[in-house]
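Coordinates in review
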Amino acid sequence: MLKADDITVAFGGVRAVDGVSLEVAEGELLGLVGPNGSGKTTFLNAVCGIVPARGSLTVAGSAVRLGRPPAARRAGIARVFQAPQIYGQLSCLDNVLLSTSDRRWRGLAGAWPARPLMWRHERLRWAKAMEALDTVGIAGHATEPAARLSYGRLRLLELARALAGDPVVLLLDEPSAGLNDAETADLATLLREVRAAGNTLVIVDHKIDFLDALCDRLVVLELGQVIARGTPDEVWRDERVISAYLGKSLEEPADAAD
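Residues numbered from 1 in each chain as written. Predicted model: local features only at pLDDT ≥ 70, side-chain atom pairs only at ≥ 80, totals over all residues. Heavy atoms only, no water.

With respect to the overall build of the protein
- Across its full length, the protein carries ten helices and ten strands.
- Going through the 258 residues of the protein one by one, you find that 47% of them count as buried.
- Summarising the internal contacts of the protein: among those between residues at least 6 apart in sequence, 63% fall at separations of at least 24.
- Carbon together with sulfur atoms contributes 52% to the accessible area of the protein, which is approximately 13100 Å² in total. (Helix = DSSP H or I, 4+ residues; strand = E, 2+ residues; numbered from the N terminus. Buried < 20%, exposed > 50% of the residue type's maximum accessible area, 1.4 Å probe, protein only. Contact = heavy atoms within 4.5 Å. Areas by Shrake-Rupley, 256 points an atom, 1.4 Å probe, with all protein chains shown as cover.)

Encoded structure:
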């Protein structure tokens, strides 16, 4: 479903992402992990077109131009950010309605001769937005200003907005950040349901147990490069991963690292 080949992002002389290649199968849930500063969020930014990048990207076999957010959106890539990107003064429903760029029947024709078609189209959009809010469990807050939601519900609101856009690939950047254990468990259940509905997901997160319980595979980054990939069990036994997280091998004597 998604294939990234030799993705490179440089800021001045620093390569934040250095030739990263990975593939995500349709319906797969892939975890992207690594120490702080390893390039995980920058890689997602490159896939979304937010930062200039080199390399190639395809979604469902079609090439996607890097560095162009509209191109990523048209290809079916949706993104949930580390901090919720919502409009607090708008209702939850209005926030979700922003997920569509469909502007049919919004001109003069929709305002007068084609008004019935416009209303039919808008009712379908509202129904889809309400369905997304119901999926994440906050449909009861549809008419409330988003600013009134708790932090955990704000994260759910952003997920609802992403789902309402009918993505083929959903990128989530630290979706469990700031959530307590119960909220994290509920989020894991929700993401399993999203995946079961046929969605393809790529998740960046620092909660290892959360990822291990969810992901089919993990890809590990260090200093902008892939150092390991495989099932969670395979990855966490890899000496390079152990070294990246702990700074030494588990088999290395404690005084040898001093």
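More follows now that the structure is in view.
Regarding the pattern of salt bridges
- For the coordinates displayed, the defined rule picks out nine salt bridges.
- With a closest N to O distance of 2.8 Å, Arg 125 and Glu 122 form a salt bridge. Taken together, the residues Arg 125 and Glu 122, both in helix 5 (residues 115-136) and three residues apart, mark about one turn of the helix. Per residue, the accessibility class of Arg 125 equals that of Glu 122, and both read buried. (Salt bridge = Lys/Arg side-chain N within 4 Å of Asp/Glu carboxyl O.)

Some words on the environment of Ala 4
- Secondary-structure assignment places Ala 4 in strand 1 (residues 2-11).
- In this structure, the C-alpha to C-alpha distance between Ala 4 and Val 47, residues 43 residues apart in sequence, is 8.0 Å.
- Those residues in contact with Ala 4, other than ones at most four positions away along the chain, are Val 20, Ser 21, Leu 22, Phe 43, Ser 56 and Leu 57.

Some thoughts on the nonpolar core
- Formed by 45 residues in total, the largest nonpolar core has its most connected members in Leu 133, Leu 159, Leu 170 and Leu 191.
- Sort the elements by how many residues they give to this core and helix 6 (residues 151-164) lands first, with eight residues.
- Those residues within four positions of Leu 170 in sequence are excluded, and the remaining contacts are Ala 78, Val 80, Leu 159, Ala 162, Leu 163, Val 194, Thr 200, Leu 201 and Val 202.
- In this structure, Val 17, Leu 32, Ala 46 and Val 219 belong to the second largest nonpolar core, which totals 30 residues. (Core = buried A, V, L, I, M, F, W, Y, C linked by side-chain atoms within 4.5 Å.)

Remarks on the packing of aromatic side chains
- A complete count under the given rule lists one aromatic pair for this structure.
- A ring pair is formed by Trp 236 and Tyr 245, whose centres lie 5.6 Å apart and whose planes are at 75 degrees; its orientation type is edge-to-face.
- For the cation-ring pair, Arg 79 lies above Phe 81, with the distance from its terminal atom to the ring centre recorded as 4.3 Å. (Phe/Tyr/Trp six-rings, centres within 6.5 Å; stacked < 30°, edge-to-face > 60°. Lys NZ or Arg CZ within 6 Å of the ring centre and 35° of its normal.)

Digging into the sheet that holds strand 2 (residues 14-24)
- If you walk across this open sheet you meet the four strands as 2-1-4-5, and the pairing is antiparallel. Whereas interior strands pair on both sides, the edge strands pair on one side only; in this sheet they are strand 2 and strand 5 (62-63).
- Where strand 1 lies against strand 4 (residues 54-59), five bridges are found, and the strand directions are antiparallel. Looking across to strand 4, one finds that Lys 3 is bridged to Thr 58.
- Where helix 1 (residues 40-48) meets the sheet, it contacts strand 1, strand 2 and strand 4, and its direction lies at approximately 110 degrees from that of strand 1. (Pairing = 2+ DSSP bridges. Axes fitted to C-alpha atoms, helices over the stretch in contact; angles between N-to-C directions.)

Details of the layout of surface pockets
- Empty space within the second largest pocket amounts to approximately 260 Å³.
- What lines the second largest pocket is a set of 15 residues, and nearest its centre among them are Gly 152, Leu 156, Leu 179, Glu 183 and Leu 187.
- Counting residues per element, the lining of the second largest pocket draws most heavily on helix 6, at five residues.
- Its residues assigned to classes, the lining of the second largest pocket shows nine nonpolar, two polar and four charged. (1 Å grid on protein atoms, 1.4 Å probe; cavity = no way out; pocket = protein on both sides within 12 Å on 5 of 7 lines; lining within 4 Å. Points joined across faces, edges and corners; volume = space filled by probe spheres on them. Nonpolar A, V, L, I, M, F, W, Y, C, P; charged D, E, K, R; others polar.)

A word on the sheet that holds strand 8 (residues 200-204)
- Taken in spatial order, the six strands line up as 6-7-8-3-9-10 in an open sheet, and their pairing is mixed. This sheet does not close on itself; its edge strands, each paired only once, are strand 6 (77-80) and strand 10 (225-230). Pairwise comparison of adjacent strand axes, ignoring direction, gives a mean angle of 20 degrees for this sheet.
- Sheet topology note: the strand 9 (residues 217-222)/strand 10 ladder contains five bridges and is antiparallel. Residue pairing across strands places Val 219 opposite Arg 229, the latter belonging to strand 10.

Notes on helix 6
- An ideal rise of 1.5 Å per residue puts 20 Å on 14 residues; helix 6 measures up with 20 Å between its terminal C-alpha atoms.
- In terms of burial, helix 6 is a largely internal element, twelve of the 14 residues being buried.
- A positive phi of about 55 degrees marks Asp 166, the residue just after helix 6. (Expected span 1.5 Å × (residues − 1).)

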